[in-house]
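Per-entry structural report
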Amino acid sequence: MLRGFYTAASGMLTQQRRTELLTNNMSNANTTGYKADQMSVRSFPEMLISNIGGKTVPTENKLNMTNLSQVGGLSTGVYVQEANPLFTQGTLEETQLNTDISLVDENLPINEETGRQGSVFFTVQDRDGAIRYTRNGSFTLDGQGYMTTPSGHYVLNENNEKIKLDSDQFTVAENGVILEGNVQTARMGIGYSNDPSLQLMKDGEGLFKAVNDGDLPSAYVAADVGFSTKQGFLEGSNVDQSRTMTEMMSAYRSFEANQKVLQAYDKSLDKAVNEVGRL
């Protein structure tokens with residue numbers, strides 16, 4: 001009985017975490033460059049239940065209730081294995097601002113080992129000087145002319161140096177080159193990951209960091225990688241709001257179902273202790 005009690009409880013905890021993840025996705029449905037999280041759920045290993053004192057193993061020729069020693073398998077519940085962002089591209093929204101830049105995925109190879117598609121990212125520098133990556137191209141110029149993110153992180157060029165401009169009257173070509181007039185000032189730093197779900201993790205404020213604290217290779221020199229930069233556009237969130245709402249309802253109903261099972265076990269234990277125990 002207690003085994004079932006814990007199985008139902010693990011299901012409730014899993015659905016609670018699933019609801020929290022989906023709620024976070026919904027709250028960021030309008031966040032520029034946000035990548036929706038996906039959760040994978042696995043079951044604990046099943047247990048093989050045997051009769052106490054059983055000495056024989058059932059065979060095809062011996063299938064009767066007197067010599068069955070193995071009762072069968074019992075599931076012990078589920079748990080959240082991992083939560084990874086979905087790196088598909090969001091829709092592009094035109095803003096007509098020179099400092100708004102988006103990345104357009106064109107030809108991104110699929111990792112042969114994992115079957116997942118690669119992705120490209122803007123390279124930025126956080127407050128501690130560490131390299132981070134983002135798809136949020138809502139940039140601006142600070143008082144000194146440095147290109148920064150909305151959170152104040154410096155945008156880097158292809159040599160991992162800060163980009164400094166004279167004014168916001170600049171042009172970004174499709175190949176990432178920044179022009180002031182007819183003079184090339186810099187080229188935006190674009191990193192490439194052939195499996196972002198495995199190599200990157202979220203670091204807050206729309207940033208990603210490398211799992212092993214390394215730097216991603218430049219997308220400009222990566223083999224068979226095709227992308228472009230588009231000025232005056234921003235990449236929206238890739239959250240599918242209607243699907244997310246449906247999944248939230250499903251998670252809530254699953255939570256309620258496990259809760260009712262738990263309540264049934266609780267009533268059974270109450271009778272066993274307070275009624276059967278009196279006999």
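Anything mentioned here points back to the structure above.
This section reports on the structure supplied with the text. (Residues numbered from 1 in each chain as written. Predicted model: local features only at pLDDT ≥ 70, side-chain atom pairs only at ≥ 80, totals over all residues. Heavy atoms only, no water.)

A look at helix α3 (residues 241–274)
Keep this limit in mind: Put simply, DSSP marks the helices as runs of H or I at least four residues long and the strands as runs of E at least two long, and each gets a number from the N terminus on. By this rule, a helix spans an expected 1.5 Å times one less than how many residues it contains. Exposure classes here rest on a 1.4 Å probe applied to the protein chains alone. A residue is buried below 20% of its type maximum, exposed above 50%, and partly exposed in between.
Look at α3: 49 Å from first C-alpha to last across 34 residues, which is about the 50 Å you get at 1.5 Å a residue. When we look at burial in α3, the residues that qualify are T244, A251, N258 and L262.

Concerning the pairing of strand β7 (residues 119–125)
Walk down a regular strand and you will see the side chains alternate between the two sheet faces. Selection rule: Note: two strands are recorded as paired if DSSP finds a minimum of 2 bridges between them.
Within β7, seven of the seven residues are buried, which leaves it mostly tucked inside the rest of the structure. The pairing of β7 with strand β15 (residues 190–193) spans four bridges and is antiparallel. Pairing of V120 across the sheet is with Y192, part of β15. Here β7 pairs with strand β8 (residues 131–134) via four bridges, running antiparallel. Residue pairing in the sheet places Q125 in a bridge with I131 of β8. Adjacent in sequence and paired antiparallel, β7 and β8 are bridged by five residues, among which G129 carries a positive phi angle near 90°. Note: β7 against strand β11 (residues 154–155), two bridges, orientation antiparallel. Paired with Q125 across the strands is Y154, a residue of β11.

Observations regarding the packing of aromatic side chains
Filter applied, for reference: Note on aromatic contacts: the rings of Phe and Tyr and the six-membered ring of Trp form a pair at centre separations within 6.5 Å, being stacked when their planes are under 30 degrees apart, edge-to-face when over 60 apart, and tilted otherwise.
According to the stated counting rule, one finds six aromatic pairs in the structure shown. Ring centres 5.8 Å apart and planes at 85° place the aromatic pair F87 and F121 in the edge-to-face group. Taken together, the residues span a long stretch of sequence, with F87 in the loop between β4 (78–85) and β5 (92–94) and F121 in strand β7 at a distance of 34 residues. Of the residues examined, F87 reaches a relative accessible area of 9% and is grouped as buried. By relative accessible area, F121 is classed as buried at 0%. Ring plane angle 80° and centroid distance 5.6 Å describe the contact between Y146 and Y154, whose orientation is recorded as edge-to-face. When its relative accessible area of 21% is taken as the criterion, Y154 is described as partly exposed. Counting every residue linked through ring pairs, the aromatic cluster contains F87, F121 and F208.

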